Amino acid sequence: MNLQTYNMLEKHMLACMSDSAHDKEHIYRVLYVALDIAGHENDVDYDVLISACLLHDIGRREQFENPQLCHAVVGSEKAYDFLISKGMNPEYAERVKECIKTHRFRSKFQPQSIEAKILFDSDKVDITGILGIARTILYNGHISEPLYSLMENGQVSDGTDDASPSFFREYKYKLEGLYNQFYTKRGTEIAAERQMSAIAFYNNLLHEVRSSYNVGQDLLLKHIDN
């Protein structure tokens, strides 16, 4: 890829990014991890991969405005239209489109090409470890979701089978089970390096929150007259 093309793609990406948890730095991290993974694979088309990494979240704004939309599907169409408008080869634009369409974790569309699998893995690496937890909490705050929910008995839920959205629910529903869902060996290795820090953070946070309730609720009862 020549510098002019890279700058064009980067400029378009920067114009589309507004979500604090999916900002331009997320894009760069995904790109850098993707290049790491690609170095361990064969027959990777780096033009397709770099383009898909740079443009993979340009549909986020539409999904935020309308949660019924899938940012991967919207973004894939936007990327294709943009590339065609810039005179790019339709076959290349279609391959980039397919990578973006299949990068989402919660999707019925599965990545097929090596470039799509690398994008999927590099994007998922960015929600592993402490980094992934920080991004999740940041995003939850952005959409006004709490850290945790209470069970019917007034105790803090660990997030398992919760109906209401929260960080703990997202951890149990998504983050905890990520580590065996990568397509590439290198992606699996990078994620595994980060796993223990995520487990420790979640367990410590849960312990601290529950301790506040377990001690504080009993103390409160001593100061409330029946």
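The structure we're discussing is the one just above.
Here the structure is a predicted model, which is why all the values come from computation and not from measurement.

**Let's talk about the overall build of the protein chain**
From N to C terminus, the protein chain includes 10 helices and 0 strands. Beginning at the N terminus, the succession of helices and strands in the protein chain can be written as α-α-α-α-α-α-α-α-α-α. Overall, the C-alpha framework of the protein chain stretches about 75 × 35 × 30 Å when taken along its three principal axes. Counting every atom, the protein chain has about 12,000 Å² of accessible surface; 51% of that belongs to carbon and sulfur. Averaging the positions of the 24 positive and the 33 negative side-chain charges in the protein chain gives two centres separated by 2 Å.

**Details of the pattern of salt bridges**
Opposite charge on two side chains lets them pair, provided their charged atoms get close. Evaluation of the coordinates by the stated rule reveals 12 salt bridges. Two residues, D126 and R135, come together in a salt bridge whose shortest N-O distance is 3.4 Å. We classify D126 as buried; its relative accessible area is 3%. For R135, a relative accessible area of 8% translates into the label buried. Among the ionic pairs, R186 bridges to E189, the shortest N-O distance being 3.4 Å. You can see R186 and its partner E189 sitting in helix α10 (residues 185-222), 3 residues apart, about one turn around the helix. Looking at E189, the relative accessible area reads 34%, which means it is partly exposed. Each of R29, D126 and R135 takes part in salt bridges that share partners, so that together they form one network.

**A few points about unusual backbone geometry**
Even without being glycine, S144 reaches a positive phi, approximately 65°. Notably, D161 is not glycine yet its phi reads approximately 60°, a positive angle. When you line up the elements, D161 lands in the loop between α8 (129-142) and α9 (167-173).

**As for the packing of aromatic side chains**
Going through the model one piece at a time under the given rule, you end up with 8 aromatic pairs. Between F120 and Y183, the aromatic rings sit 5.2 Å apart at their centres with planes inclined by 85°, giving edge-to-face as the arrangement. You can see F120 sitting in helix α7 (residues 114-125) and its partner Y183 sitting in the loop between α9 and α10, a full 63 residues away along the chain. Take F120: its relative accessible area is 6%, and that puts it in the buried class. Using a relative accessible area of 35% as the deciding quantity, one classes Y183 as partly exposed. Through a chain of ring-to-ring contacts, three or more aromatic side chains come together here, namely Y148, F167, F168, Y171, Y202 and Y213. Lying across the ring of Y80, K97 places its NZ or CZ 5.4 Å from the centre.

**Here we look at the packing of helix α6 (residues 90-101) against α7**
Viewed as axis vectors pointing N to C, α6 and α7 meet at an angle of 35°, and their least axial separation amounts to 8 Å. Between α6 and α7 the crossing geometry is right-handed. On α7, the residues that touch R95, C99 and I100 of α6 are E115, A116 and L119. Split by residue class, the contact of α6 with α7 holds 4 nonpolar, no polar and 2 charged.

Conventions used here
- Residues numbered from 1 in each chain as written.
- Predicted model: local features only at pLDDT ≥ 70, side-chain atom pairs only at ≥ 80, totals over all residues.
- Heavy atoms only, no water.
- Helix = DSSP H or I, 4+ residues; strand = E, 2+ residues; numbered from the N terminus.
- Areas by Shrake-Rupley, 256 points an atom, 1.4 Å probe, with all protein chains shown as cover.
- Lys, Arg positive; Asp, Glu negative; His and termini not counted.
- Charge placed at Lys NZ, Arg CZ, Asp CG, Glu CD.
- Salt bridge = Lys/Arg side-chain N within 4 Å of Asp/Glu carboxyl O.
- Buried < 20%, exposed > 50% of the residue type's maximum accessible area, 1.4 Å probe, protein only.
- Phe/Tyr/Trp six-rings, centres within 6.5 Å; stacked < 30°, edge-to-face > 60°.
- Lys NZ or Arg CZ within 6 Å of the ring centre and 35° of its normal.
- Axes fitted to C-alpha atoms, helices over the stretch in contact; angles between N-to-C directions.
- Left-handed = near helix turned anticlockwise from the far one by under 90°.
- Contact = heavy atoms within 4.5 Å.
- Nonpolar A, V, L, I, M, F, W, Y, C, P; charged D, E, K, R; others polar.

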